[in-house]
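So the chains spell out like this:
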Amino acid sequence: MSFTQSTDWNPEIYGRFRDLRLQPAHDLLSRVGELPAGEIVDLGCGAGAAAGPLTQRFADRTLVGIDNSPAMLGEAAVSGLYDVLLQEDVAQWSPSPSRAPALIYSNAALHWLGDHQTLFHRLADTLAPLGTLAVQMPRQYDAPSHVLLRELAEDMFPERFDFSSWHAPVDRAEDYARLLWSRGMVTTWETTYVQSLAANHTGHSVRRFTESTVMRPFLAEMSDDEAELFCRIYDAELEKAYPAEEDGSVLFPFTRVFIILELS
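Below you will find a few notes about this structure. (Residues numbered from 1 in each chain as written. Predicted model: local features only at pLDDT ≥ 70, side-chain atom pairs only at ≥ 80, totals over all residues. Heavy atoms only, no water.)

1. So, the overall build of the protein
To keep things clear, this is the line we draw: Each helix corresponds to a stretch of at least 4 residues labelled H or I by DSSP, and each strand to a stretch of at least 2 residues labelled E; elements are numbered beginning at the N terminus. Under the scheme applied here, a residue whose accessible area is under 20% of the maximum for its type counts as buried, over 50% as exposed, and between as partly exposed, the area being computed with a 1.4 Å probe on protein chains only. Throughout, a contact is declared for two residues whenever any of their heavy atoms are within 4.5 Å. Reported accessibility uses the Shrake-Rupley method at a 1.4 Å probe radius. Residues are deemed covered only where the shown protein chains occlude them.
Counting its regular elements, the protein contains ten helices and seven strands. In terms of overall dimensions, the protein has C-alpha extents of about 55 × 40 × 40 Å along its principal axes. Across the 264 residues of the protein, 48% fall into the buried class. Within the protein, residue pairs in contact and separated by at least 24 positions form 75% of the contacts whose partners lie at least 6 positions apart. With an accessible surface of roughly 12,600 Å², the protein has 50% of that area assigned to carbon and sulfur atoms.

Dropping the structure here:
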């Protein structure tokens, strides 16, 4: 098996756990209230998993998908649900002033970007008056699944990985509330989803979950042989942290933070 990562995302690998990844998208959307006139922007839309729920909720709105991955955008286009799909750097994107969105909705994308204090205010500035910013991001960095990645990478390849000055890219829910409270009504919360992952015969189930997301930048720095060894050791450590249940499945608690800003 080849582990080497391309620079683009792989929709098939990412989609293995589509239902588990989609539940937070539904939960975020369920808390979005009334909107002013304007477009709906799915920021970091990926393969378009949230397009269905968004179009069901806002059937009369123009739906715009933004992502920097050609492969993911190609998959998103298959649904036919987006009115516009744009390949753009999410970190730099902004709408034209004449097309200020009523809702910027971002499900599991903004944790890849830094400087959230600047980013979130910049996105709020692009909204239509009384518009809404709705964001969901993983906050799993202190969990064994993620800690083990950092520790193993540093131990095995110290010349390539140094996390001595690293800090988690996602803050606590209350930090985002403080960040945005002056802009309008802010609702933030965290949810830990206890995910049941089916038994997998090609590696630990948690590794199969993480390899399409948080593992990508790690594997991108390794050769195939190095990645294969790394994954074997990671699997063995995951077996201790996330032991199998009687039926072979694994319980994988996964924490996500939610932010909704309604401009005043």
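This is not the end of the story, as more comes after the structure.
2. Details of helix H5 (residues 116-126)
Cut-off, in case you're wondering: Directions from the helix axis toward the C-beta atoms define the arc.
Along H5, the positions that sit buried rather than exposed are His116, Leu119, Phe120, Leu123, Ala124 and Thr126. When H5 is viewed along its axis, its buried side chains cluster within an angular range of 160° and face the same direction. Of the exposed residues in H5, those oriented more than 90 degrees away from the buried face are Gln117 and Asp125. Of the surrounding elements, those touching the buried residues of H5 are strand S1 (40-43), strand S4 (103-107), strand S5 (132-138), helix H7 (173-180) and strand S7 (250-263).

3. Quick look at the packing of aromatic side chains
Heads up, the condition is: Planes of paired rings set the category: under 30 degrees apart is stacked, over 60 is edge-to-face and the rest tilted, where pairs are Phe, Tyr or Trp rings (Trp by its six-membered ring) whose centres lie within 6.5 Å.
Per the stated rule, a full pass over the model turns up twelve aromatic pairs. Note on Phe157 and Phe161: the rings are 6.4 Å apart at their centroids and 55° apart in plane angle, and the pair reads as tilted. Here Phe157 and Phe161 have matching classes, each one buried. Taken together, the ring pairs connect Phe157, Phe161, Phe163 and Phe218 into an aromatic cluster.

4. Re the pattern of salt bridges
How we decide: In the sections that follow, a salt bridge refers to a side-chain nitrogen of Lys or Arg positioned within 4 Å of a carboxyl oxygen of Asp or Glu.
For the structure shown, the criterion picks out 14 salt bridges. In this structure, Glu226 engages Arg160 in a salt bridge whose closest nitrogen and oxygen atoms are separated by 2.7 Å. With Glu226 in helix H10 (residues 224-241) and Arg160 in the loop between helix H6 (144-156) and H7, this residue pair connects regions lying 66 residues apart in the sequence. A salt bridge links Asp175 to Arg172, with the shortest nitrogen-to-oxygen separation between them at 3.1 Å. Given the relative accessible area of 23%, Asp175 is considered partly exposed. Through salt bridges with shared partners, a single network forms among Arg172, Glu174, Asp175 and Arg178.

5. Focus on the sheet that holds S5
Note on sheets: strands pair through backbone hydrogen bonds, and any given pair is parallel or antiparallel. Defined as follows: In this analysis, strands are considered paired if DSSP registers two or more bridges between them. A fitted line through C-alpha atoms serves as each axis, taken over the contacting stretch for helices, and the angle formed by two N-to-C directions is quoted from 0 to 180°.
Spatially, S3-S2-S1-S4-S5-S7-S6 is the arrangement adopted by the seven strands of the open sheet, whose pairing is mixed. Edge positions in the sheet fall to strand S3 (84-87) and strand S6 (184-197), since each has one partner strand and no second. In this sheet, neighbouring strand axes are inclined to one another by 15° on average, regardless of whether the strands run parallel or antiparallel. As paired strands, S5 and S7 are joined by seven bridges and run antiparallel to one another. Each residue of the ladder has a partner; that of Leu133, found in S7, is Leu261. Sheet strands in contact with helix H4 (residues 70-78) are strand S2 (63-67) and S3, and its direction is about 175° off that of S3.

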